[in-house]
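Below are the chains, spelled out letter by letter.
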Amino acid sequence: MKRLILNADDFGLTRGVNQGIIRAHQHGILTSTTLMATAPEFEDACALARANQSLGVGCHIVLVGGTAVTPPEKISSLADQSGALPKSLLGFAAKVSRGQIRANDIATEVAAQIQKIRAAGIEPTHIDTHKHTHAHPKVMDVIGQVARDCRITRIRRPIEQLGKSWEGGGLSKQFAAAVAVRTVANEFQSLAQKYGLRAPDHFLGLAMTGQLGRTELRRMIENLPEGTVEIMLHPGICDGDLASTRSRLQQQRQLELDGLTDSDVKLTIAKEGIQLITYTGLN
């Protein structure tokens, strides 16, 4: 049996991204999203989430880019004096590997982001991370501990099986990222088991980030493996607010929104007999 979670990252980034995610859910096949507690339009996203109870909402932990939720003096190895988190993923990973960012500081910020979402009246269905920082074993170990303490039992496993699902040409940088993440697959799985964290059987979308329009999404759905699958997406409305964020995904968000709401894509789901679920449907 094939069960599918379609998750939109970056809920809260801009109002246009928020509206795109809701449109993809109300008029398309999107089942889930992950909310950024640090994002500029967090409150707008929370209001939309509360008004759309059928949309699963998880926590998109941000440890790279943006401003921390925690006062900077309490997490001085993670954020600078203004509260800014590390700008570069590679720089963050290097500091974590060298022990220059304290595990306790990461734990404090992760817990603060989860609590901010809960304080807004939203119970997170699962955890994932901006730029997949939890693929780093030291970060995953911390997030596993916090998730257990917060009684969150589901997490994204960003380990992608590269094959037919991405044929058609993903971005080389994203393909390289997908290959790199696979090197920590065994450690990730061990840590997930250690902390009792469940994840879908399969994960797709990293190698094709920003590329999942109508044709590519249909091809991916037609080649889904058996079991439970998460497809990661980034739908949204491309506007001036999005441009001001300097996100590298601009028109790509509109492309993915169009794919999620395409009638032929919906028909493909029905034809393949795929059950659409949220993270709460994991067993």
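Structure: above.
Residues numbered from 1 in each chain as written. Predicted model: local features only at pLDDT ≥ 70, side-chain atom pairs only at ≥ 80, totals over all residues. Heavy atoms only, no water.

Trainee: Describe helix 7 (residues 185-194), listing the residues and the values that go with them.
Mentor: Residues of helix 7 that are buried: Phe-188, Leu-191 and Ala-192. Across the axial projection of helix 7, the buried residues extend over an arc of 100°, all falling on one side. Counted as exposed and oriented over 90 degrees from the buried face of helix 7: Asn-186, Gln-193 and Lys-194. Contacts made by the buried residues of helix 7 are with helix 5 (137-149). The positive-phi residue at the C-terminal boundary of helix 7 is Gly-196, with phi of around 65°. (Buried < 20%, exposed > 50% of the residue type's maximum accessible area, 1.4 Å probe, protein only. Helix = DSSP H or I, 4+ residues; strand = E, 2+ residues; numbered from the N terminus. Arc of directions from axis to C-beta. Contact = heavy atoms within 4.5 Å.)

Trainee: For the packing of helix 8 (residues 214-222) against helix 11 (residues 263-271), give the residues involved together with the corresponding values.
Mentor: Between helix 8 and helix 11, whose axes approach to 9 Å, the crossing angle comes to 5°. As judged from the angle between their axes, helix 8 and helix 11 are roughly parallel. Between helix 8 and helix 11, the contacting residues are Arg-214, Leu-217, Arg-218, Ile-221 and Glu-222 on the first element and Asp-264, Val-265, Thr-268 and Ile-269 on the second. Looking at side-chain class alone, the contact of helix 8 with helix 11 contains four nonpolar, one polar and four charged residues. (Axes fitted to C-alpha atoms, helices over the stretch in contact; angles between N-to-C directions. Parallel < 35°, antiparallel > 145°, perpendicular 65-115°, else oblique. Nonpolar A, V, L, I, M, F, W, Y, C, P; charged D, E, K, R; others polar.)

Trainee: So, the packing of helix 1 (residues 15-26) against helix 2 (residues 42-51): which residues are in play, and what are the values?
Mentor: For the pair helix 1 and helix 2, the least separation of the axes is 9 Å and the interaxial angle reads 15°. Looking at the two axes, helix 1 sits roughly parallel to helix 2. Handedness of the crossing formed by helix 1 with helix 2: right-handed. Facing Arg-15, Asn-18, Gln-19 and Ile-22 of helix 1, the residues of helix 2 in contact are Asp-44, Ala-45 and Leu-48. Partitioned by chemical class, the residues of the contact of helix 1 with helix 2 number three nonpolar, two polar and two charged. (Left-handed = near helix turned anticlockwise from the far one by under 90°.)

Trainee: Run through the packing of aromatic side chains, naming residues and quoting values.
Mentor: Inspection of the entire model under this criterion finds zero aromatic pairs. For Lys-116, the ring lying beneath its charged end belongs to Phe-42, and the centroid distance is 4.7 Å. (Phe/Tyr/Trp six-rings, centres within 6.5 Å; stacked < 30°, edge-to-face > 60°. Lys NZ or Arg CZ within 6 Å of the ring centre and 35° of its normal.)

Trainee: Which residues make up the pairing of strand 6 (residues 227-233), and what values go with them?
Mentor: Most of strand 6 sits out of view: seven of its seven residues are buried. Inspection of the sheet shows strand 1 (residues 2-11) paired to strand 6 by seven bridges, in the parallel sense. Note on strand 6: the bridge partner recorded for Lys-2 is Gly-227. Bridge count between strand 5 (residues 202-204) and strand 6: three bridges; the pairing is parallel. The residue bridging Leu-204 from the neighbouring strand is Ile-231, located in strand 6. Handedness of the crossover is the feature at issue here: the chain leaves strand 5, passes through helix 8, returns alongside strand 6, and the resulting connection is right-handed. (Pairing = 2+ DSSP bridges. Right-handed = clockwise from strand over helix to strand, strands pointing away.)

Trainee: I'd love a proper account of the nonpolar core, names of residues and values included.
Mentor: Formed by 72 residues in total, the largest nonpolar core has its most connected members in Leu-4, Leu-35, Phe-92, Ile-114, Ile-127, Ile-221 and Ile-231. Leaving out residues up to four positions away in the same chain, Leu-35 has contacts with Phe-11, Gly-12, Phe-42, Ala-45, Cys-46, Val-57, Gly-58, Cys-59, His-60, Ile-117 and Ile-122. (Core = buried A, V, L, I, M, F, W, Y, C linked by side-chain atoms within 4.5 Å.)

Trainee: Which residues make up the pattern of salt bridges, and what are the values?
Mentor: Summed over all chains, the structure comprises twelve salt bridges. Across the salt bridge formed by Glu-41 and Arg-15, the nearest N and O atoms sit 3.1 Å from each other. Of the two residues, Glu-41 is situated in the loop between strand 2 (32-35) and helix 2 and Arg-15 in helix 1; the sequence distance between them amounts to 26 residues. Notably, a salt bridge pairs Asp-264 with Arg-214, separated by 2.4 Å at the nearest N-O pair. Of this pair, Asp-264 sits in helix 11 while Arg-214 sits in helix 8, and the two are 50 residues apart along the sequence. A relative accessible area of 27% places Asp-264 in the partly exposed class. For Arg-214, a relative accessible area of 35% translates into the label partly exposed. When salt bridges that share partners are traced, they join Asp-9, Asp-128, Arg-156 and Glu-230 into one network. (Salt bridge = Lys/Arg side-chain N within 4 Å of Asp/Glu carboxyl O.)

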